[in-house]
Amino acid sequence: YRISHDSNSTKTSMTFGLFLPSRFATNIDESTANKENVPVIYWLSGLTCDDTNFAMKAGAFSHAECENVALVMPDTSPRGDDVPNVDSYDLGVGAGFYVNATEEPYSTHYQMYTYVTEELPALLESQFNIGKNGLRSISGHSMGGHGALTIALKDTNTSWVSVSAFSPICNPTKCPWGEKAFQAYLGSIDAGLAHDATVLLSEKGGAAGYDEILIEQGADDNFLSGGQLFPENLVEAAKKAGQKVTLNMRDGYDHSYYFIATFIGDHINFHAKRLRSKYAEILALESSSILDFSATTGKEITCKAMVARAPKQPLTLETITVGVPQNGEVRVKVMANALCHTDVYTLDGHDPEGLFPSILGHEAGCIVESVGEGVTSVKPGDHVIPCYTPQCAAPGCIFCQSPKTNLCPVIRGTQGQGLMPDGTSRFKDKDGNTIYHFMGCSTMSEYTVLAEISCAKISKELPLQKACLFGCGVSTGLGAVWNTCKVEPNSSVAVFGLGAVGLAVIQGAKMAGAGRIIAVDINPDKFPAAVRLGATDCVDSSKLDKPVQNHIVDMTQWGVDYTFDCTGNTNVMRSALECAHRGWGTSCVIGVAASGHEISTRPFQLVTGRTWKGTAFGGFKSRRDVPLLVQRCVDGSLDVDHFITHTLDGVENTNAAIDALHGGKCLRAVVKY
């Protein structure tokens, strides 16, 4: 987007560029309510540039899309008929130097420091919910690198999370560009000392402001040898100030946008990692400010929950009582719940273990409210993911100690009966009647009680509305690839069913290095998402004039190395097996079939070397592995944002989430409580 507005700072019309990743695309719409706070990187351009140069030449948008950060690109100066200018590339229009001019004729309009640090952030926060609570970083090139460094170093209000620069003017009071600008805009070179990054660092006296400042510099930059940039002065001042500066001298690169385009991905990643940590801090602070569990510890809690009273009926919003956690139990406040097809499968009456009345839900992010006797692995305030596949980790549990499985059976018996390990329920309705648990989780309630061995303690750095995805579908799909089948680089893969689990399989296969990934579905609207995650071929099996397994064998000559059924349809399970490669192909069943359904194939399919296997929770040992998956997400090496297609507020909107899932365009609807 290019957005123009009347500026109070410059007293002109100002135009800035804005890139919004697809996840936050609706933030641009004024009618959108409850806009999510968007992390943003401000980019300040160099001499002669405007708001378009970086957008057109840097190739930054794809990196920002992957990292889910916005990019804001302000102009380099005010513009207009009344704006004073000179016939020089390094002064006047296109060369505002990101200062507030105090000298005529520039003082009326050249107020770029205030524009970038105050007016533009306020506009973006109020209109688009971008960069609120200091969720912003800053970078720039040349004059813009000078602006980024000085703005960040002058800041005393933690307005910026991180700072980086390309070929910055590091010591402008010592170079011709800076001397000329400061004399014209501020009246003297000495007045420019307050806008000199090297001087600002020298004055810090050992007080480091950022964990790291990242600077990229082309070794063949003619302005480096021409006495304009002086990065060595900045590095020396940083050493004395105790501020870490990473200066990458790049051989063979000059001052151009080709240089920027080559390394911009590194800088966006640098900022995105820190913005994610800042966002987690903001959310943790918000939750801690509203959550005080001292009044409820040791007492029953009354809260709202969506209760499944009968199969094929809408959930009912009820006020329930949640009991005190008993020995080995943990009571949690559910902060976010993602709707999974398994919940709907049970609600529709297909689950042979489905009990009513019950509280469904098993894919959630929670905060520990209180713990029962003997609980040692979590404490109040910890962030946890409830896991329907527990991990007792006891030395005597042959399942937990075996690397071959994740199926700990310690509480399986009572969990299947909708009860806690002691054989009772922690839920009662307003009349005092028992409500059953579901999969040991029951997260369609504002509070729930879990077995300690079902609680995966995770980093607080990942927002719980994202972390909740690791409670089932995403983990299952990734683990089917990495753990159950151990897909190798250059393998061929076919994925049947492109819901959240199927897309997670594709994402996992791509990350594992699969060479060919065939995505199969009867809804072609799902193909673009599959391709973005790594699918190389897409097959609409409803349009074929032959069985899909025959079609895939024809595509590949002998079939594919690994196939995954993510549909729960037993006919599709057979198709997946029968297009696995002759001699060594493996087919993995992930989807859960309806009660009473059986799978079948000709024994010859197995005799000729195919392996048929299944997976539960992707083979992940829950308490050990879920925290590692969350940390990968925090570190930026595992993206899950694309799975969240719908976000709703309040447990009472769970039926709306179910409607969205039935609509066919929903991967995960996350309900925030």
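Everything discussed here concerns the structure shown above.
What counts and how
Residues numbered from 1 in each chain as written. Predicted model: local features only at pLDDT ≥ 70, side-chain atom pairs only at ≥ 80, totals over all residues. Heavy atoms only, no water. Helix = DSSP H or I, 4+ residues; strand = E, 2+ residues; numbered from the N terminus. Rg over C-alpha atoms; globule rule 2.2 N^0.38 Å. Buried < 20%, exposed > 50% of the residue type's maximum accessible area, 1.4 Å probe, protein only. Contact = heavy atoms within 4.5 Å. Lys, Arg positive; Asp, Glu negative; His and termini not counted. Charge placed at Lys NZ, Arg CZ, Asp CG, Glu CD. Phe/Tyr/Trp six-rings, centres within 6.5 Å; stacked < 30°, edge-to-face > 60°. Core = buried A, V, L, I, M, F, W, Y, C linked by side-chain atoms within 4.5 Å. Salt bridge = Lys/Arg side-chain N within 4 Å of Asp/Glu carboxyl O. Pairing = 2+ DSSP bridges. Polar contact = N/O pair within 3.5 Å; in protein donor to acceptor, adjacent residues only side chain to side chain. 1 Å grid on protein atoms, 1.4 Å probe; cavity = no way out; pocket = protein on both sides within 12 Å on 5 of 7 lines; lining within 4 Å. Points joined across faces, edges and corners; volume = space filled by probe spheres on them. Nonpolar A, V, L, I, M, F, W, Y, C, P; charged D, E, K, R; others polar. Axes fitted to C-alpha atoms, helices over the stretch in contact; angles between N-to-C directions.

### What about the overall build of the protein?
When helices and strands are tallied, the protein shows 21 helices and 25 strands. On C-alpha atoms alone, the protein measures out to a radius of gyration of 29 Å, which is about the 26 Å that the 2.2 N^0.38 rule sets for 673 residues. In the protein, which comprises 673 residues, the share counted as buried stands at 59%. The long-range fraction of contacts in the protein, counting pairs at least 24 apart against all pairs at least 6 apart in sequence, stands at 73%. Across the protein, the mean location of the 54 positive side-chain charges is 8 Å away from that of the 71 negative side-chain charges.

### Considering the packing of aromatic side chains
If you walk through the whole model with that rule in mind, you get 16 aromatic pairs. Ring geometry for Tyr 106 and Tyr 185: centres 5.0 Å apart, planes at 90 degrees, overall edge-to-face. In this pair, Tyr 106 is assigned in the loop between strand 4 (70–74) and helix 3 (112–128) and Tyr 185 in helix 5 (residues 176–186), connecting sequence segments 79 residues apart. The exposure class assigned to Tyr 106 is buried, which follows from its relative accessible area of 7%. A ring pair is formed by Tyr 110 and Tyr 185, whose centres lie 5.4 Å apart and whose planes are at 25 degrees; its orientation type is stacked.

### Thoughts on the nonpolar core
Core analysis: the largest hydrophobic core is formed by 107 residues, its most contacted members being Phe 470, Ile 506 and Phe 564. Residues in contact with Phe 564, not counting those within four places in the same chain, are Ala 480, Val 481, Cys 485, Val 487, Val 493, Ala 494, Val 495, Phe 496, Val 505, Cys 588 and Ile 590. Judged by nonpolar contacts, the second largest core, of 63 residues, contains Phe 16, Tyr 113, Ala 148 and Cys 175.

### Structural notes on the pattern of salt bridges
Scanning the model with the defined rule gives 25 salt bridges in all. Between Asp 382 and Lys 457 there is a salt bridge, with its nearest N and O atoms 3.6 Å apart. Of this pair, Asp 382 sits in the loop between strand 12 (364–371) and strand 13 (383–386) while Lys 457 sits in strand 17 (residues 455–458), and the two are 75 residues apart along the sequence. Judged by its relative accessible area of 4%, Asp 382 is buried. A salt bridge links Lys 526 to Asp 521; the shortest N-O distance between them is 3.9 Å. A relative accessible area of 25% places Lys 526 in the partly exposed class. Through salt bridges that share partners, Asp 211, Glu 212, Lys 244 and Arg 274 make up one connected network.

### Quick notes on the sheet that holds strand 14 (residues 427–428)
On the basis of which strands lie adjacent, the open sheet formed by four strands has the order 9-10-14-15 and antiparallel pairing. Only two strands of the sheet have a single neighbouring strand rather than two, namely strand 9 (301–307) and strand 15 (434–435). In this structure, strand 9 lies alongside strand 10 (residues 316–322), joined through seven bridges in antiparallel fashion. Within the sheet, the bridge partner assigned to Ala 305 lies in strand 10 and is Glu 318.

### Quick word on the environment of Asn 68
By secondary structure assignment, the location of Asn 68 is in the loop between helix 2 (61–67) and strand 4. Once residues lying within four places of it in the same chain are set aside, the contact partners of Asn 68 are Pro 21, Arg 23, Phe 24, Pro 39, Asp 639 and Asp 641. At a separation of 2.7 Å, a polar atom in the side chain of Asn 68 contacts the side chain of Asp 641.

### So, the layout of surface pockets
In this structure, the second largest pocket encloses a volume near 330 Å³. In this structure, the second largest pocket is lined by 17 residues; those nearest its centre are Pro 403, Lys 404, Thr 405, Asn 483 and Gly 619. Breaking the lining of the second largest pocket down by element, the ones donating at least two residues are helix 14 (473–484), strand 23 (611–614) and helix 20 (622–635). Looking at side-chain class alone, the lining of the second largest pocket contains four nonpolar, seven polar and six charged residues.

### Examining the sheet that holds strand 23
A sheet is described by the order of its strands in space; here six strands give the open sequence 20-19-18-21-22-23, paired in parallel fashion. Unpaired on one side and paired on the other, strand 20 (537–540) and strand 23 mark the two borders of the sheet. Across the sheet, the mean angle separating the axes of adjacent strands is 20 degrees when strand polarity is ignored. Pairing between strand 21 (residues 562–565) and strand 22 (residues 586–589): four bridges, direction parallel. Bridging across to strand 22, Phe 564 finds its partner in Cys 588.

### Concerning the pairing of strand 4
For a regular strand, the rule is simple: side chains alternate between the two faces of the sheet. Strand 4 sits mainly inside the fold: five of its five residues count as buried. Looking at chain direction, strand 2 (residues 13–19) and strand 4 are connected through four bridges and run antiparallel. Looking at the pairing, Gly 17 lines up with Met 73 of strand 4. Across three bridges, the pairing between strand 3 (residues 40–44) and strand 4 is parallel. Note that in strand 4 the partner of Tyr 42 across the bridge is Val 72.

### Section: helix 14
Buried residues dominate helix 14, accounting for eleven of its twelve residues. Taken residue by residue, helix 14 has Gly 473, Val 474, Ser 475, Thr 476, Gly 477, Leu 478, Gly 479, Ala 480, Val 481, Trp 482 and Thr 484 as its buried positions. Looking at the buried positions of helix 14, the neighbouring elements they touch are helix 15 (500–512), strand 21, strand 22, strand 23, helix 20 and strand 25 (668–672). In the segment just after helix 14, Lys 486 is the residue with positive phi, at about 50 degrees.

### A closer look at the environment of Lys 613
Along the chain, the position of Lys 613 falls in strand 23. Taking the C-alpha atoms as reference points, Lys 613 and Ile 590, 23 residues apart in sequence, are found 9.1 Å from one another. Contact partners of Lys 613, with chain neighbours within four places excluded, come to Thr 484, Cys 485, Thr 586, Ser 587, Cys 588 and Val 589.

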